[in-house]
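Commentary on secondary and tertiary structure
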Amino acid sequence: MCVGCRQMKNKKELIRVVRTPDLQIIIDKTGKKSGRGAYICPNLDCFNQAVKGKRLQKSLEHEIPDQVLEELRRELVET
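We now turn to the structure provided with this report. (Residues numbered from 1 in each chain as written. Predicted model: local features only at pLDDT ≥ 70, side-chain atom pairs only at ≥ 80, totals over all residues. Heavy atoms only, no water.)

1. Looking at the packing of helix α1 (residues 44-52) against helix α3 (residues 66-78)
Close contact between α1 and α3 brings their axes to 10 Å; oriented N to C, the two are set at 160°. Accordingly, the angle class assigned to the pair α1 and α3 is roughly antiparallel. By crossing handedness, the relation of α1 to α3 is classed as right-handed. Between α1 and α3, the contacting residues are Leu44, Phe47, Asn48 and Val51 on the first element and Leu69, Leu72, Arg73, Leu76 and Val77 on the second. Here the contact of α1 with α3 is built from residues that sort into 7 nonpolar, 1 polar and 1 charged. (Axes fitted to C-alpha atoms, helices over the stretch in contact; angles between N-to-C directions. Helix = DSSP H or I, 4+ residues; strand = E, 2+ residues; numbered from the N terminus. Parallel < 35°, antiparallel > 145°, perpendicular 65-115°, else oblique. Left-handed = near helix turned anticlockwise from the far one by under 90°. Contact = heavy atoms within 4.5 Å. Nonpolar A, V, L, I, M, F, W, Y, C, P; charged D, E, K, R; others polar.)

Shown next, in the form of structure tokens:
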């Protein structure tokens, strides 16, 4: 399920954002990195909804610094 729009979609249609054991927040392009993950549609509207409603932070159980959010936004635009 996308944490932005809350729609159920096939896992392969979504992008995984993961909080690694050493507390880094990254986009997991392989879908296999260890850590707590959250899934989001590959568009900025869903990303913005997930950040605005703090759903991404709640899913990852960790506060996300603004700098990291900006990096994630840039990576999302590139994919």
